[in-house]
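Tertiary structure, described
Letter by letter, the chains look like this.
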Amino acid sequence: MNQMTEEGYVTEDGRTIGGKLMEMRNISLRFGGVKAITDISFDIREGEIRAIIGPNGAGKSSMLNVVSGFYVPQEGEVWFRGEKRPQMRPYEVARQGIARTFQNIALFEGMSVLDNVMTGRLTHMKTGLAAQALWKGKAEREEVENREFVEKIIDFLEIQAIRKTPVANLPYGMKKRVELARALAAEPRLLLLDEPMAGMNVEEKEDMSRFVLDVNDEFGTTIALIEHDMGVVMDLSDRVVVMDYGKKIGDGTPDEVRNNQAVIDAYLGVAHD
Amino acid sequence: MPEQVLWGMEVFLNGLMAGVLYALVALGFVLIYKASGIFNFSQGVMALFAALTLVGIMEGQVPFSHLINAALGTELHHFGWHVPAFLAILLTMAVMVLLAWAVNQFVFRHLVGQEPIILFMATIGLAYFLEGFGDIMWGADIKNLDVGLPQGINTTIDEVTYNIFGYGFFIDNLDLWATAIAALLVVVLTIYSQYSKQGRALRAVADDHQAALSVGISLKFIWILVWSIAGFVALVAGIMWGTKSGVQFSLSLIALKALPVLMLGGFTSIPGAIVGGLIIGVGEKMFEFIVGSMIGGATENWFAYVLALIFLVFRPQGLFGEKIIERV
């Protein structure tokens, strides 16, 4: 990695990364007496692929839930696009342009793939209740425009063949892809992926990795992801935050992190003598 | 054709019409249950409350007049004006939306994430509150509701059937209207929920709260919307039942008839509510007609519940409900 500045940096593969899109400052999160996150700070830069890794129970998902507004930290500040974010509900965060997927897939099982992806466009639909009820002019035009965008996403993620299929009937790997499609349909400024490859076979993992890279490349979307598979993380991400027991133990490029003694200890275990 | 068969046909048709009214109430249950997982015990009382409010507004009744008179020693009862039916219906709808907001604000907002049984208990409380509130607001006497729907025997059907069979069928105009309005209501609600932005958001919330939040849906807005729609359905049901049998507090008991309807049709299915309503309506009328006379009548009181019980044994998810498969 070249010199890191306020304005950004250039990655090893020559992509230019911008300034801070999101910044977490001294975040602490507790559930009763349990400390899930202790005093963690890091930033996510415009256009980069940022990974959060760590052993089970390190607090990675909690961190992602803080970013997406599902958890409210007791301490710390969240900055988004240069402004301090007031306490927000998850749907308000979503409307700000932060889309996410879930570790245990949260799709609308009763709907078709197309309808699921269309829900991702809800934040872009402006027509009021009355016009919608009467289904006139503007509402119709809006539906058609949004539909066109959604079809683009569906093509992009190669799920044309299952457009009309009820989501409940899809295999696991496909559900993960539909969930990604729904998040992408929102045209997010920041895309959060909670273990996008968990439970996948090698082939599915390769597909998903390709899509993550393509999304970043094609739409310029900033992506923050949590992943267990170290190989995948090292290949995909520009910078990595490493967490263990709710604390940050490493932050840097994959190479830097790989050689960090604290990280090696956390993953391989260390003799306590 | 033998007279018995003709009578049977007439009873069958009247059963269908009665079934439509059951279906209307059941529809309100299904809508809320699908969207929020709450089994709304107060749906019947909401219909009563809507009908009371409608009559009150139409006749220019002073709300809370007993309370006001008792406190201030006045003799207020009526404003002295009459509001046209159409305007009164719009105003009543506004009251139902306000009620939807209040229900969410003061009750269900505080119960997010609670067990279904807790939510169910809350709706029982709501039912009793609303019944008392309606009483304080509008008084407990039986009122006539006339929004201009035609009532009485449909002479066309009477004549046509007389010319064909030599026996005129007695079909009430009001029942015909109720059927048409119920059909329209179902079509409108289906189109709305399938093709509009809010409809899609509504189904999304019903399916998965977290996922709905993640795509920017405000649960609060959707819940108020759902309760408003339930209020609207309650208003329609209240108008029909109120016109048919007067606005009285026993109206809330029709909600109980919606229970067997739902057990038959399934708690999550709109077509189920309709078909279930029709089966119960026809079933109880035909049963009374054929078997009733042999066992001393009054079978309409229990037939629906027994039928529902039999269904519970053989098909607990109802005709159209989703099969519940629990992983062990």
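Computed from a predicted structure; not experimentally measured.

Along the backbone of chain A there are ten helices and twelve strands. Against the compact-globule benchmark of 19 Å for 273 residues, chain A has a radius of gyration of 19 Å, which places it among compact chains. Seen along its three principal axes, the alpha-carbon backbone of chain A occupies a region of about 70 × 40 × 40 Å. Here chain A holds 273 residues, and 41% of them are scored as buried. Pairs at least 24 residues apart make up 66% of the contacts formed inside chain A by residues separated by at least 6 positions.

On to the overall build of chain B. The secondary structure content of chain B amounts to 13 helices and zero strands. Each helix and strand of chain B, placed in order from N terminus to C terminus, yields the pattern α-α-α-α-α-α-α-α-α-α-α-α-α. Computed over C-alpha atoms, the radius of gyration of chain B comes to 21 Å, within 12% of the 20 Å expected from 2.2 N^0.38 for 328 residues, which places it in the range of a compact globule. Projecting the C-alpha coordinates of chain B onto the three principal axes gives extents of approximately 65 × 60 × 40 Å.

Here we take up the interface of chain B and chain A. Interfaces are frequently sized by the accessible area removed from exposure as the parts join. Contact residues are listed per partner, giving 19 residues for chain B and 27 residues for chain A. Elements supplying a minimum of two residues to the side of chain B that touches chain A: α7 (173–195), α8 (197–207) and α9 (209–214) of chain B. No other element matches the seven residues that α8(B) contributes to the side of chain B that touches chain A. Looking at the side of chain B that touches chain A, its residues break down into eight nonpolar, six polar and five charged.

So, about the domain arrangement of chain A. All names here are of chain A. Domains assigned within chain A are domain 1 (1–97 + 190–273) and domain 2 (113–187). Measuring from the centre of the C-alpha atoms in domain 1 to the corresponding centre in domain 2 gives 27 Å. Counting residues per element, the ones that place at least two in the side of domain 1 that touches domain 2 are α2 (90–95) and α7 (202–219). Among the elements that take part in the side of domain 1 that touches domain 2, α7 stands out by supplying four residues, more than any other. Each residue belonging to the side of domain 1 that touches domain 2 can be placed in one class, and the counts come to seven nonpolar, one polar and two charged.

All names here are of chain A. For strand β10 (residues 222–226), a buried count of five out of five residues is recorded, marking the element as mostly surrounded by other parts of the structure. By the alternation rule, side chains of β10 split into Thr222, Ala224 and Ile226 and Ile223 and Leu225, which are all buried. Direction of pairing for strand β5 (residues 49–53) relative to β10: parallel, over a ladder of four bridges. In the sheet register, Ile52 faces β10, and the bridge partner there is Ile226. Pairing geometry for strand β9 (residues 190–194) and β10, over five bridges, is parallel. Within β10, the residue paired with Leu191 across the bridge is Ile223. Where the polypeptide runs from β9 across α7 and back to β10, its parallel neighbour, the crossover connection is right-handed.

All names here are of chain A. Following both chains from N to C, one finds helix α5 (residues 137–156) and helix α6 (residues 172–185) inclined at 140°, their axes separated by 10 Å at the closest point. Between α5 and α6, the interaxial angle falls into the category oblique. Here the hand of the crossing between α5 and α6 comes out right-handed. Two secondary-structure elements touch here, α5 through Phe149, Val150, Ile153 and Ile154 and α6 through Ala181, Leu184 and Ala185.

Per-residue pLDDT for chain A has a mean of 89; in total, 94% of the residues score no lower than 70. When mean pLDDT is compared element by element in chain A, β9(A) scores highest at 96, while helix α4 (residues 129–134) of chain A scores lowest at 61.

Right, let's talk about the sheet that holds β9(A) for a bit. All names here are of chain A. Taken together, six strands build an open sheet; the order of strands is β8-β9-β10-β5-β11-β12 and the sheet is mixed. Bordering the open sheet on either side are β8 (98–100) and β12 (247–252), each of which pairs with just one other strand. Looking at each pair of strands side by side, their axes are set apart by 15° on average, direction ignored.

Residue and element names in this part refer to chain A. Spatially, β4-β3-β6-β7 is the arrangement adopted by the four strands of the open sheet, whose pairing is antiparallel. Since the sheet does not close on itself, it has two edges, and those belong to β4 (34–45) and β7 (83–84), each with one partner. For strand β3 (residues 20–31) and β4, the ladder comprises eight bridges, and the chain directions are antiparallel. Residue pairing for β4: Ile27 is matched across the bridge by Ile40.

Calculation rules
- Residues numbered from 1 in each chain as written.
- Chains lettered and ligands numbered in written order.
- Predicted model: local features only at pLDDT ≥ 70, side-chain atom pairs only at ≥ 80, totals over all residues.
- Helix = DSSP H or I, 4+ residues; strand = E, 2+ residues; numbered from the N terminus.
- Rg over C-alpha atoms; globule rule 2.2 N^0.38 Å.
- Buried ≥ 20, exposed ≤ 12 C-beta atoms within 10 Å, placed from the backbone.
- Contact = placed C-beta atoms within 7 Å.
- Nonpolar A, V, L, I, M, F, W, Y, C, P; charged D, E, K, R; others polar.
- Domains from an automatic or database assignment.
- Pairing = 2+ DSSP bridges.
- Right-handed = clockwise from strand over helix to strand, strands pointing away.
- Axes fitted to C-alpha atoms, helices over the stretch in contact; angles between N-to-C directions.
- Parallel < 35°, antiparallel > 145°, perpendicular 65-115°, else oblique.
- Left-handed = near helix turned anticlockwise from the far one by under 90°.
- pLDDT = per-residue confidence, 0-100.

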